[in-house]
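So you can see what is in the structure, the chains are spelled out below.
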Amino acid sequence: MTRTDQYAVFGHPINHSKSPTIHQQFAIQTQQNIEYSRQDVNADQFVATTRNFFEQGGCGLNCTVPLKQRAWQFADTLTQRASFSKAVNTLTRQADGSIVGDNTDGVGLVTDLLSNHQIQLKSLNILLLGAGGASRGILAPILQQYPNKLVIANRTAEKAITLANEFKDLGSISGCGYEELRPQFFDVILNATSASLSGEIPPLPDTLFEENGICYDLAYSDEPTAFVRWGQQHGAAKSLDGLGMLVEQAAEAFYIWRDLRPKTQAVISALDSVRNR
Ligand code: NDP
């Protein structure tokens, strides 16, 4: 009997994860025989649980909050984009048993912005909130779209400054704390903090937007997230959450694992249609 290939997502918390549903839909669409589960794994449990997963024959693993930097350390080899971002969301077991780490978050975000929402980043002023694993993963792909400038703001200002320094060769980028944001104006504000997961938003000044400004929360939820609501209340032309990014980064992981590129639009629409909006 052929064994079903095993995939999973690890994170903490993980109950909200839609990744199993998404990968199941990709598998049906492309006629692949796979199983994809989710498991609550905290940072201390990560190495032992991941080792066990691959020893038991697991083929591929997604890692989410707060595990991406641990996954980056865990991988035997890294793709160029994962090496650059120092954060890994996709681990793949090779035929020789070694584990490759990749990062599909950046391509997921940029594909969602450009293809699904027709938002071009070229020449825009962009504010990125947060300096954790997700921010690391998306910085290079954003800068490759040639924005006019990119400012990273973070609760721990030093982390934003350090991160900006690491990427300074790729474009106009700087880092700061939230209190230093005034009086600057942005075309796009991307929330890559995990504050949304607990219904909070970073302390932002009321006037941050250019006319037709866009808010994008990397987090997603059945109800509008606190940051999506903040955007709506502060006059954003569009205030979006990260459901599309989630599906697009999953499609890239599925492509890495199965060498097949699933169609994403129907999956995004199906997930969106069951939300309370
Ligand atoms: P990390 O744990 O690596 O980083 C968390 C970041 O959030 C840090 O910058 C931290 O600041 C900041 N933060 C946490 N709580 C607060 C708060 N209450 N107020 C202000 N800042 C806060 O998480 P990730 O970078 O991996 O993930 C960030 C978010 O992006 C999550 O919501 C995740 O779900 C989402 N995401 C969505 C994806 C998608 O496909 N849609 C893909 C990847 C991530 P400090 O440094 O000061 O601690």
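Residues numbered from 1 in each chain as written. Predicted model: local features only at pLDDT ≥ 70, side-chain atom pairs only at ≥ 80, totals over all residues. Heavy atoms only, no water.

Some details on the nonpolar core
Ile152 and Leu190 are the most contacted members of the largest nonpolar core, which has 28 residues in total. Residue assignment for this core shows that the elements contributing at least two residues are helix H5 (105–116), strand S7 (125–129), helix H6 (133–143), strand S8 (149–153), helix H7 (157–166), strand S10 (186–191) and strand S11 (209–217). Tallying contributions element by element places H6 first for this core, with six residues. Discounting chain neighbours no more than four positions away, the residues touching Leu190 are Leu109, Ile126, Leu127, Leu128, Leu129, Ile142, Tyr216 and Leu218. (Core = buried A, V, L, I, M, F, W, Y, C linked by side-chain atoms within 4.5 Å. Buried < 20%, exposed > 50% of the residue type's maximum accessible area, 1.4 Å probe, protein only. Helix = DSSP H or I, 4+ residues; strand = E, 2+ residues; numbered from the N terminus. Contact = heavy atoms within 4.5 Å.)

Notes on the site of the ligand
Neighbouring residues of the ligand: 24 residues in total, closest Ala134, Asn154, Thr156, Lys159 and Leu218. A distance of 2.9 Å separates an oxygen atom of the ligand from a polar atom in the backbone of Ala131. Gly133 places a polar main-chain atom, nitrogen or oxygen, 2.9 Å from an oxygen atom of the ligand. For the ligand, whose accessible area on its own is 930 Å², the fraction buried by protein is 87%. The pocket occupied by the ligand, as judged from atoms lying within 2 Å of grid points, is the largest pocket. In terms of residue count, helix H9 (residues 243–258) provides more of the shell around the ligand than any other element does, three residues in total. (Near = heavy atom within 4 Å. Polar contact = N/O pair within 3.5 Å; in protein donor to acceptor, adjacent residues only side chain to side chain. Areas by Shrake-Rupley, 256 points an atom, 1.4 Å probe, with all protein chains shown as cover. 1 Å grid on protein atoms, 1.4 Å probe; cavity = no way out; pocket = protein on both sides within 12 Å on 5 of 7 lines; lining within 4 Å. Sits in = over half its atoms within 2 Å of the grid points.)

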